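If you want the building blocks of each chain, they are given just below.
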Amino acid sequence: MATVVFDSIFKSFGSTKVLHGISLDIANGEFMVLVGPSGCGKSTLLRMLAGLEDIGGGTIAIDGRVVNDLDSKDRDIAMVFQSYALYPHMTVGENMGFSLRLRNDERKRIEDRVAHAARILNLEPYLKRYPRELSGGQRQRVAMGRAIVRDPKVFLFDEPLSNLDAKLRVAMRAEIKALHQRLKTTTVYVTHDQVEAMTMADRIAVMNDGRIEQLGRPLELYDRPANLFVAQFIGSPAMNVFDGTYRNGAVEALGARWPCSAKAHEGQPVKYGIRPVHFDFGSGVEAEVVVVEPMGAETELVVKIGGQSLTVATHGRSPAAPGDRISLAPNAKHAHLFDAASGARL
Amino acid sequence: MTNRKLLSEAKLWLVAIPVLLWTLIPIYHIFLFSISTKDSAFSGRLWPDHPTLHNFVTVFKQEHFYLHHFWNQIWNSLWIAVAAGAITLAIATCAAFSISRLKAKGGRTVMNAALFTYFIPAAFLAVPMYKAMGTYGLLNNRWSLVLAMVTLAAPYAIWVLKQASDKLPWELDEAARIDGATPLQLFRLVYLPLMVPSLVAIFTYALLLTWNEYLYAFLLLSHENTIPLAVGLGHFLASDDSPWEILMATALIYGLPPAAIYYAFRRYMVGGLTAGAVKS
Amino acid sequence: MTTWQVWGALLLAPYVLVFFVFVLYPVSYGLWLARNPESYRTLFEDPIFFTTVVNTIFFLLVAVNLKFVLALYLSGFFVHDRRWIRWLSVIFILPWAMPAIPTIFSIRFMFNPEWGVVNQTIFRLTGLDGPNWLTNPDLAMAMAMGVHIWKALPFWTLILMAGRLAIPKELYEAASVDGATAWQKFKYVTWPSLRTLYITSTLLSLIWTLGDFNSVYLLTGGQPADKTHVLATLGIRYIRLDQLDHAMATIVVALPFVLPLVYFMMRRLSGDEQKTSQ
C-alpha cells in the first residue's frame, strides 16, 4: 500500500521529446488508469515507474521515497506485461514463486504464498504445468499471480489485456477489478482502450503527445471533457463534433440551430459536440438516414445533416430505414462547446 | 501423364547416381583399405578377398612404428577438443549475453572485432599466431592449440549465440529485473536454460572444429607426446612406402567420431549454423 | 556505472582478452615484422612466389565459381520433396562432416600414379598407364581444386537450399499457372530471390578458399618442385624454412584483396543486424 507521486517528469529519446513535464499524484489504494493513443508516452511513464527506463527529468516517489536511483528490484513493485513475459522453462508455480526465490525466502513460505495466489486466481490445478500448456487467459492469470505473490506496494499493468480475444478481455477486466477491490493495492494501469479505462479506473489520466489532457473520475471525463481531445477519445460511439458559430444562446451549424447550455461570445467560432445517445426524436434538426446498424439492445444510425455525417444511438429498435428523413432534437443539457482555436471546453 | 512422371523421376536419378558416387567413393576407399590385408589393398579390387579387422588390432595395440603413440595422440585430440569446446562455449556465452542482453558499452565494437577475426582466412592468421605463441612460450604445449582454436571458434560462436539471444523476448529480462534478479541471476536462471539448444550446437561446433584441425595443430605442436592424432596421421606421409592399410584404419578411427557427433546433433547444427549464414 | 553495466563489461572481458592476446597483438606484431621492403624484394624474386600467385588466382576463380554453379544446381535437386532425396542429402553432407585428413589422404592414394586404384583400373581396362595425377603440376592443381570442391560443396549446397526453401511456393505456382517453363521459373523466380545470397556466399567463400590450406597441402604438399603452392601453403612453407618475414610478406601481399572483402562482409552482417533489431 503506497502513494505514487510523479513530479514534472521529462523524457526524450534522442531529439524526440516524449514526455513534457508530467505531474500526477496517485492515492493510496487507488486504481489509476493511464489511457491514450499509442505513442502518447503512457507506457514510457509506467516503465519509468518500474525502473525499466531512465528518468529524463523530475522525480518519482513511491510511498514518499524518491526512487529515481533505485533498481527495479528495490522499488517493491510488480508488473504485468502485455506479452505476459512468463519464463518458458519454469512451471506455473515456479514462475509465480520466482521473485521470492530470488529473495532467498524459505521454501515453505514460497509454497504458501504461491498456493494463496493460486487460490485467488483459480490456478490451483495448473501449478505444475508449463506456460506453453496454458491458454492465453490462463497465462494472463499466471502473470497476475506472479505479481500478487510478492504483495508489492504498487501493481503495474502494461496493456495486459491486449493479447486476449474480445470475450476474454471483458471477463479478465472484471477479474482484475475484483482483485483490486479485494487486495486494495495501489495500481497503475496502462491501456489504449478507453472502455477498459472507463470500466476499471478510480481515476483516469488521459494522455496525448506526452501531456496529461485531463485527470478525473471516469464519469467526470465523460460528462465534462476538458477539451476536444478528451471529448473524442472517451465514450463509444465517439462524440459528434462539428464547426459552428455561437449566436443568441445557440450554435448555428450545418444549416440549423443547435441548442446548448454553455455560453460563448456572440459570433464566436466554436466546435459543437454532442454524444450519439443525446438526441431525441421529434421536432428539431432535419436529417437523412444513411446507414442503420441494429445491435439488438440499441440501434446506431448514421445520418447526414448539411453534408456532415453524424452518429445517433437509440435504445431498442428503430423503424428508420436508409433514405428516410427524420427530425432530431439535440439535448441541450448534454451538448458541449469547445473553443474552435484552442479546443478548450467553454 | 505417367510417362512424363517417369521421365522426371529418371532425370532425378540421373543426378542422384553421380552425386552418390562422387560423395562416397573416397570414403568407401578408406573403408576398403582399412579392412584389406596389405597384399589385397593394392590389387585394385572393389571388395577384398579376405576382409579382416587385423589393421584395427594393429592400431589399437600400437604395433607399428607410426603408431607407437596412438593412444596418447587420441587422448591429446580428445583433451584439446573438449577443452577448446568448453572454453569457447564459456567465453562466447558470456560475450553474447553481455552484448545482446546487457547491451554492454562497446558491445558492437567487440562484435565487429569478432566478425573480423571470423572472416580472416585461418591459414593467414596462423603465421602471426605461430610467432606469438613462440613469444608466449606456449609452443609444444597443448594449451597453445586449445587457445588458438578458442580464438578461431569464438567469433562465430558469439555471432550465432547473439543471433539466438536477440530472439528471446526482451520482456523476460524486464520481468526478471522486476522480480529482483541480479545480472548473474538473470544469466544463470533465465538466460542459460533458454539457450540450451544453441549452447549444445556451439559446443559441438567448437569441439569438431578443434578435433578436425590440422594446420594449427602441426604448426604449434610437434613433440610426439603433445601432438593430436591429426598430426600423427600426417606423419605417415613422411615416407613413400607408408602402410596405407594401417593409415586408413587409423584415419577411419579418427574420422568417424566427428561424423557421428555431427549426425547426432545435426538437428541443432543445421538449424543454428545455417541460420547464421543464410540471413539475407 | 550501474551493476548491470559492470557485469556487462565483466562478461565481455574474457573475449576481449582473447582478441587482444591472440589476434590483435600477433597481427600487429606480424605486420611490424613485415615492414621491411627488402623481404618483399626477395619474395618477388623467388620464382616459387610468382607460380604461387598464378596458382592462387586460378584456384579462386575456377574452384569457387565451379563450386557455386554446382551448389546452385544441386540445391535445386535436393529441394525435391522425396524421402530418398532426403536420405541422399544426409549422405551428401559426409564430406563436410568428416575431418579433412582421412578423406584427402584417401583421394591422394586413389590417384597415386603407380599404386592408386584409379590408374590400376585404367591400366586393367586399356592397358595404358594413367596420367600422373599428382606429379604433373597442372593436373595436381586441378586435383586440388577437385578436393576443395568435394569437401566444401555440401556446405554451400545446404546454404543455397535454405535460400531456395525460403522462396514462397506461391510464386512458383503462380508462374506455373502463367505457363512458365522450368528455365523461366529459374530466371524469373528463383534467381532474383537467390541472387543476394549467392553473391554474398561467393564472396565469403572467396576469402575462405584463399585460406584453404588442407586441400593443397594434404594432397600435394606443394610438390612437385614447389609448383603447386597457393598463398596459404606458401606462407606456412616459409615458416617451416624459418623465414617468418617472408611468411608475413606473403600474407601482406594478399591483404589488398582480402581486406575489402572482409570489410564488405562485416558491413553486410552488421547491416542485417540493424534490420532485425528494428
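Our subject is the structure that appears above.
Cut-offs applied
Residues numbered from 1 in each chain as written. Chains lettered and ligands numbered in written order. Predicted model: local features only at pLDDT ≥ 70, side-chain atom pairs only at ≥ 80, totals over all residues. Heavy atoms only, no water. Pairing = 2+ DSSP bridges. Helix = DSSP H or I, 4+ residues; strand = E, 2+ residues; numbered from the N terminus. Core = buried A, V, L, I, M, F, W, Y, C linked by side-chain atoms within 4.5 Å. Buried < 20%, exposed > 50% of the residue type's maximum accessible area, 1.4 Å probe, protein only. Domains from an automatic or database assignment. Contact = heavy atoms within 4.5 Å. Buried area = accessible area lost by both parts, 1.4 Å probe. Salt bridge = Lys/Arg side-chain N within 4 Å of Asp/Glu carboxyl O. Polar contact = N/O pair within 3.5 Å; in protein donor to acceptor, adjacent residues only side chain to side chain. Nonpolar A, V, L, I, M, F, W, Y, C, P; charged D, E, K, R; others polar. Axes fitted to C-alpha atoms, helices over the stretch in contact; angles between N-to-C directions.

Novice: What is the right way to look at the pairing of strand 10 (residues 211-216) of chain A in this model?
Specialist: Walk down a regular strand and you will see the side chains alternate between the two sheet faces. Residue and element names in this part refer to chain A. Sheet topology places strand 9 (residues 203-208) next to strand 10; five bridges connect them, and they run antiparallel. Its bridge partner being in strand 10, Asn208 is matched across the sheet by Arg211. Between strand 9 and strand 10, which pair antiparallel in sequence order, lie two residues; one of them, Asp209, sits at a positive phi of approximately 55°.

Novice: Can you walk me through the nonpolar core in this structure?
Specialist: The tendency in soluble globular proteins is for nonpolar side chains to be buried side by side. Ranked by internal contacts, the top residues of the largest apolar core, which has 218 residues, are Phe119 and Tyr216 of chain B together with Tyr15 of chain C. For this core, the leading source of residues is helix 7 (residues 142-166) of chain B, giving 15 residues. Inspection of this core shows a minimum of three residues originating in each of domain 1 (3-60) and domain 2 (69-238) of chain B. If we skip the residues at most four places from it in the chain, Tyr216 of chain B touches Ala122, Leu125, Ala126, Met129, Leu145, Ala148, Met149, Leu152 and Leu221 of chain B. Of all hydrophobic cores here, the second largest spans 43 residues; its members include Tyr84, Leu134, Leu179 and Val230 of chain A.

Novice: When you look at the environment of Phe233 of chain A in this model, what are you seeing that I'm missing?
Specialist: Residue and element names in this part refer to chain A. Residue position: Phe233 is located in helix 8 (residues 228-233). On the basis of relative accessible area, Phe233 is assigned to the buried category, the value being 18%. The spatial distance from the C-alpha of Phe233 to the C-alpha of Leu221 is 9.8 Å, given a sequence separation of twelve residues. With sequence-adjacent residues up to four places away left out, Phe233 is seen in contact with Val35, Gly36, Pro37, His192, Gln194 and Val206.

Novice: Just to check I follow, could you spell out the interface of chain C and chain B for this structure?
Specialist: Interfaces are frequently sized by the accessible area removed from exposure as the parts join. The interface of chain C with chain B comprises 94 residues on the first partner and 95 residues on the second. In total, chain C and chain B occlude about 8,900 Å² of area from one another, counting both sides; carbon and sulfur atoms represent 79% of this. Interface area lost by chain C to chain B is led by Trp4, Tyr15 and Phe22 of chain C, which between them contribute 10%. Summed over the shared surface of chain C and chain B, the result is one salt bridge. One salt bridge connects Arg82 of chain C with Glu9 of chain B, and the closest N-O pair in it is separated by 3.0 Å. Taken together, the connections running from chain C to chain B amount to eight residue pairs in polar contact (both at pLDDT 80 or more). Among the elements that make up the side of chain C that touches chain B, the one with the highest residue count is helix 1 (residues 3-33) of chain C (21 residues). Taken together, the residues of the side of chain C that touches chain B sort by class into 72 nonpolar, 15 polar and seven charged.

Novice: How should I be thinking about the pairing of strand 18 (residues 325-330) of chain A in this particular structure?
Specialist: Residues and elements named next belong to chain A. In terms of residue burial, strand 18 counts as a mostly covered element, since five of its six residues are buried. As judged from the seven bridges shared by strand 15 (residues 279-294) and strand 18, these two strands associate in the antiparallel manner. Bridge pairing links Phe281 to Leu328 in strand 18.

Novice: When you look at the interface of chain A and chain B in this model, what are you seeing that I'm missing?
Specialist: Chain A puts 24 residues into the contact, and the matching count from chain B is 16 residues. Of the roughly 1,700 Å² buried at the junction of chain A and chain B (both faces included), carbon and sulfur atoms supply 65%. The largest contributions to the chain A side of the interface with chain B come from Tyr87, His89 and Leu102 of chain A, which together make up 30% of the buried area. Where chain A meets chain B, there are one salt bridge. Notably, a salt bridge pairs Arg47 of chain A with Glu174 of chain B, separated by 2.5 Å at the nearest N-O pair.

Novice: Is there a simple way to explain the sheet that holds strand 3 (residues 31-35) of chain A in this structure?
Specialist: Strand-to-strand pairing in sheets goes through backbone hydrogen bonds, with the strands running parallel or antiparallel. All names here are of chain A. Spatial ordering of the open sheet is given by 6-7-8-3-9-10, a layout of six strands whose pairing is mixed. Each edge of the open sheet is held by one strand with a lone partner, namely strand 6 (77-80) and strand 10. The average angle at which neighbouring strand axes cross in this sheet is 15°, direction not considered. Sitting on the sheet, helix 4 (residues 136-150) touches strand 6 and strand 7 (154-158), and the angle it makes with strand 6 is about 180°.

Shape is all these values report; function is a separate question.
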